[in-house]
Amino acid sequence: MSRVNHAFQTYVEELKASGKDPAEIGQVVKNADTLRDSGHIYMSWARHYAGIGGDEASTEDIDEDEGRIGGF
């Protein structure tokens, strides 16, 4: 997930540098955040299913703000 977040961050920076429409950039950021959030949900489910921790503590190492794209 960190590589995907980095790729989106690079893409957003390229869009900003090329002068793209802020609304388009905002949509890319929103899509990237949605992907990041769904990845966290998937990992939480996978950990539960695999029996790695059986409670909310199993996701404590997931930083909810990690990978926020573009400062939005």
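Structure first, text after, so check above.
Residues numbered from 1 in each chain as written. Predicted model: local features only at pLDDT ≥ 70, side-chain atom pairs only at ≥ 80, totals over all residues. Heavy atoms only, no water.

Caption draft 1: Structural context of the overall build of the protein. On a plain count of helices and strands, the protein comes out with 2 helices and 0 strands. Residues counted as buried form 24% of the 72 residues belonging to the protein. Counted over contacts in the protein with a minimum sequence separation of 6, partners at least 24 positions apart contribute 62%. (Helix = DSSP H or I, 4+ residues; strand = E, 2+ residues; numbered from the N terminus. Buried < 20%, exposed > 50% of the residue type's maximum accessible area, 1.4 Å probe, protein only. Contact = heavy atoms within 4.5 Å.)

Caption draft 2: Looking closely at the packing of helix α1 (residues 2–17) against helix α2 (residues 22–50). Contact geometry of α1 with α2 gives a least axis separation of 10 Å together with a crossing angle of 175°. It follows that α1 is roughly antiparallel to α2 by the angle criterion. Where α1 abuts α2, its residues Val4, Asn5, Phe8, Tyr11, Val12, Leu15 and Lys16 lie against Glu24, Ile25, Val28, Val29, Ala32, Leu35 and Arg36. Residues of the contact of α1 with α2, tallied by class, amount to 10 nonpolar, 1 polar and 3 charged. (Axes fitted to C-alpha atoms, helices over the stretch in contact; angles between N-to-C directions. Parallel < 35°, antiparallel > 145°, perpendicular 65-115°, else oblique. Nonpolar A, V, L, I, M, F, W, Y, C, P; charged D, E, K, R; others polar.)

Everything listed here is a matter of geometry and, on its own, says nothing about what the molecule does.
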